[in-house]
Amino acid sequence: MRIDRIRLLVQALCFVFLIYGGLLGLSIGTAIPTMSCIYAEGRGGSCFLYPFQRFLSLPWSSLFGSVAAAFLIYLGTFFIWALVFGKTFCGWICPLGFLQDLLTKIREAMGIDGSRFAWATRDRFQWVKYALLVLLILLPMGIGNSLLGLPRFTPDLAVPFCQICPGKPFIPLFYGDTSHILIDFSSLTKIIMTSLSMLIAGLFLAAGFVKRRYLCAFCPMAALLSLFDRIGFVGLRKKGEACTRCGNCFRACPMEIREIADLRDRKHMVTQDCMLCLRCIEVCPEDKALQATLLGFPVFSASAEGFLKRQARTAVLPESGNKSVKNADPGTIPSEH
Amino acid sequence: MITGKKGDTPHPLNPADADTEARVARRLSLHLAMSVREIFDAISLEKNRPASMAPFDAVFRNFADAPDQILPATGRKKIGIYCMAVPEELIYAAGALPVRLCAGSSDAAEAGEALFPDVSCPMVKAATGFTRTGVLSMYRDCDLVIIPTTCDWKVKLGELLSRHVPVMMLSVPKLKAAESSRRFWYAEIRRLVQALEKVTGKRITRKRLRTAMGLLHEAQQEFRIFQTLRMDDLCLIRGRDAAAVANAWFYMDAADWTHAARTLNEELKERKAQSLATTPPSAPRILLTGSPVVFPNWKIPDLIENAGGALVCDELCSSGRLLWDMACIDEPLFEDMLDALADRAVLPCTCPVFTDTEDRRTKLFRMIQDYKVEGVVHHVLKGCHPYDMELRPLEAKLAAAGVSQLKIETDYSPEDTEPLRTRVEAFVETLKGRRLRMGKSA
């Protein structure tokens, strides 16, 4: 079975669990490094970022005082999740990633060609996710404390990232909850934040239909998780001397990571945008040029044999074609009528 | 942008030349038949040759016996191609037969010589010779000849050939790493698709392309098995025969070739089980790289093997490189499949016409390891400037890694065979001596 089919299945299961698991009383906690939205009532585990921003908006006296222990335990839980699973959260678990992949599947089923970032565009905007990460840390801090002598920010700015994350309008929809699709006119801050949210939600739908994993390129959670790229349990290794730079991996990569094909001298290939979907390994025809590793041990390796076997399932072989045409001229590809 | 048309009478520049043209054709026909028979006479004396070489031999014997039967009997359109840069999948998908026209005959090179400057690539001279004289009918029968602008010779070849056959030029970008190059090349491939559809009158659909790509993958699977068998400590097949197997791909239908290659692979596996080698284990293992080696120019492979070397692999666009790199079939959409084919044709290609030299260097080092190579022979055809240019830095890198090398600069003509033999024999002896010094069993 193709990796991306298995992945879609795993994503679907994770989606159901993360969105509806709570209805059965199941939960895997509130420090999950994935966009399992806090606004979904029956969630089976929720996104790390909401409580994180809440913690940060506390006055420093309590953040480093009474709740310090709770905060540390909370960070520690996140650390363990991120260390063990790392970017597999992006590729295999994230509900927003799954929704984008679904949009892509729909687009492909309709035969609509996708689009790609120009290389320069992709390179130019890589800082955005780090900027969002810095903002989602600084803005909450400015609510409970005065930063550099500035006046404290309005509480309307609470959990700023959640206010603009596309999870907020979309994920509650799976309970029929449309209450987050609105522009809130109660204050200027609210107007700005909810307008931004609607804009990003629109972008999510539109761009998701045009390009694979469009918004993932700007996700601050990916920025956080990429801190664990080198030390995480799951790895992606490249053997440069076996690579022919044929570009199969680059074309297959939903995140359009050029480095995977172009760099020969780099061993660890979990780059800042990588979501460990492992599609690159699947389409690599060179033995052991790419390998997925768990704790340093290879678990899935590229090979010519495996490549051909997987590809053969997609190929339409002449034998399966129109029998009457077949004997006319061996090797002729039967025409479709 | 197709110039020339099929069945154009080869109008000599000067009517008085008509006689000369006919004489040149007669001489080529005679000499070609002689050199082909000579090759097969020598082969018939060899022992231990795999019997499954027969279908490949049959193709080449026809060069002498029945030049109009080299290609399979087919009602399909024939598309001539001059380089690996043309994705053959597209031609199969358009219901046509691709024919690789890169030529290796010294007699044909002589017949084409008059139209070229002194130091010219013998490959284009030979191709022009065949096209001009029509001695091999396939050079004139093609419904379209596609010439990628890989090297300067090919850039100018189109104008010469378009006097006899319809020619389409395909512009190949030389800088693989740039995005603009890739987009340009993707567009060229689409232009090729349109031309093929126009010539064949058939639309290249997604399903037909998938079938064609599947066809190629089956061949590539056999090719990879074949190459892997050649990595064995035992030399299961002569390097010249291996080159012939790949060369036969030029003229055979993909399905026929795959079938023949599968039979050969089965035989080689049996030979491996019986420890039946074509070359004694004392023969030093040699890699051949550089300018293409095309039938009937077996000069270099024969020199190496007759001098006691084992030609275990080659990195040539005419054989070792030919079917190695594989494109993805499971791309989601038709346009993605075209991009996949475009990338496969150019990105992994180690031809020195590209600015990138690292890919070839990496490939060579990997092959030296995989095939346990002891010495490298660089084959530079006179006039093949890209290989010549790339050689010096490449030689330095290989030398720094302790690889023994021999550079052979030659053309197709047999004139320099004897001096070359002395050099190749000396090289093989050096490798043997080196092996003794390294303490390996001889």
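Computed from a prediction, not measured in an experiment: that's the story for all the values here.

Draft legend 1. Layout of empty space enclosed by the protein. All names here are of chain B. Taken as a whole, this structure holds 16 cavities of 30 Å³ or more when the rule is applied. By volume, the largest cavity is sized at about 340 Å³. Surrounding the largest cavity, 27 residues form its lining, Cys151, Lys154, Pro292, Cys317 and Cys351 being those nearest its centre. Along the lines of polarity and charge, the residues of the lining of the largest cavity split into 22 nonpolar, 2 polar and 3 charged. Volume-wise, the second largest cavity comes out at about 170 Å³.

Draft legend 2. Local environment of the side chain of Asp314 of chain B. Residue and element names in this part refer to chain B. The residue Asp314 is located in strand 7 (residues 310–315) in this model. Put simply, Asp314 is tucked away with no salt bridge, and the nearest opposite charge, on Arg230, sits 4.2 Å away. Side-chain polar atoms of Asp314 contact the backbone nitrogen of Leu316, separated by 3.3 Å. From its side chain, Asp314 meets the backbone nitrogen of Gly320 in a polar contact 2.7 Å long. Contact partners of Asp314, with chain neighbours within four places excluded, come to Arg230, Leu288, Ser319, Gly320 and Met367.

Draft legend 3. View of unusual backbone geometry. That bond from Phe295 of chain B to Pro296 of chain B is cis: its omega, 0°, falls within 30 degrees of zero. Note on placement: Pro296 of chain B falls in the loop between strand 6 (285–290) and helix 12 (299–306). The phi dihedral of Glu256 of chain A falls on the positive side, at around 55°, and the residue is not glycine. Turning to its location among the elements, Glu256 of chain A is positioned in the loop between helix 13 (248–252) and helix 14 (259–262). The phi dihedral of Leu276 of chain A falls on the positive side, at around 55°, and the residue is not glycine. By the element assignment, Leu276 of chain A lies in the loop between helix 14 and helix 15 (279–282).

Draft legend 4. The pairing of strand 7 of chain B, seen in detail. Residue and element names in this part refer to chain B. Most of strand 7 sits out of view: 6 of its 6 residues are buried. With 5 bridges joining them, strand 6 and strand 7 adopt parallel strand pairing. Each residue of the ladder has a partner; that of Leu287, found in strand 7, is Cys313.

Draft legend 5. Here's a closer look at the pattern of salt bridges. Residues and elements named next belong to chain B. All chains considered together, the criterion is met by 55 salt bridges over all chains. Across the salt bridge formed by Asp65 and Arg37, the nearest N and O atoms sit 3.3 Å from each other. With a gap of 28 residues between them, Asp65 in helix 2 (residues 54–65) and Arg37 in helix 1 (residues 18–44) connect regions that are remote in the sequence. With a relative accessible area of 44%, Arg37 lands in the partly exposed category. Here the salt bridges share partners, and the residues they tie into one network are Glu46, Arg49, Asp57, Arg238, Arg240, Asp241, Asp302 and Glu305.

Draft legend 6. Fine view of a nonpolar patch on the surface. Nonpolar side chains collect at one region of the surface, where Met1, Ile6, Leu9 and Leu13 of chain A lie side by side and expose about 430 Å² of accessible area between them. Structurally, Leu9 of chain A is set in helix 1 (residues 3–20).

Parameters at a glance
- Residues numbered from 1 in each chain as written.
- Chains lettered and ligands numbered in written order.
- Predicted model: local features only at pLDDT ≥ 70, side-chain atom pairs only at ≥ 80, totals over all residues.
- Heavy atoms only, no water.
- 1 Å grid on protein atoms, 1.4 Å probe; cavity = no way out; pocket = protein on both sides within 12 Å on 5 of 7 lines; lining within 4 Å.
- Points joined across faces, edges and corners; volume = space filled by probe spheres on them.
- Nonpolar A, V, L, I, M, F, W, Y, C, P; charged D, E, K, R; others polar.
- Helix = DSSP H or I, 4+ residues; strand = E, 2+ residues; numbered from the N terminus.
- Buried < 20%, exposed > 50% of the residue type's maximum accessible area, 1.4 Å probe, protein only.
- Lys, Arg positive; Asp, Glu negative; His and termini not counted.
- Salt bridge = Lys/Arg side-chain N within 4 Å of Asp/Glu carboxyl O.
- Polar contact = N/O pair within 3.5 Å; in protein donor to acceptor, adjacent residues only side chain to side chain.
- Contact = heavy atoms within 4.5 Å.
- Pairing = 2+ DSSP bridges.
- Patch = residues over 30% accessible without salt bridge, like charges linked within 9 Å, V, L, I, M, F, W, Y side chains within 5 Å.
- Areas by Shrake-Rupley, 256 points an atom, 1.4 Å probe, with all protein chains shown as cover.

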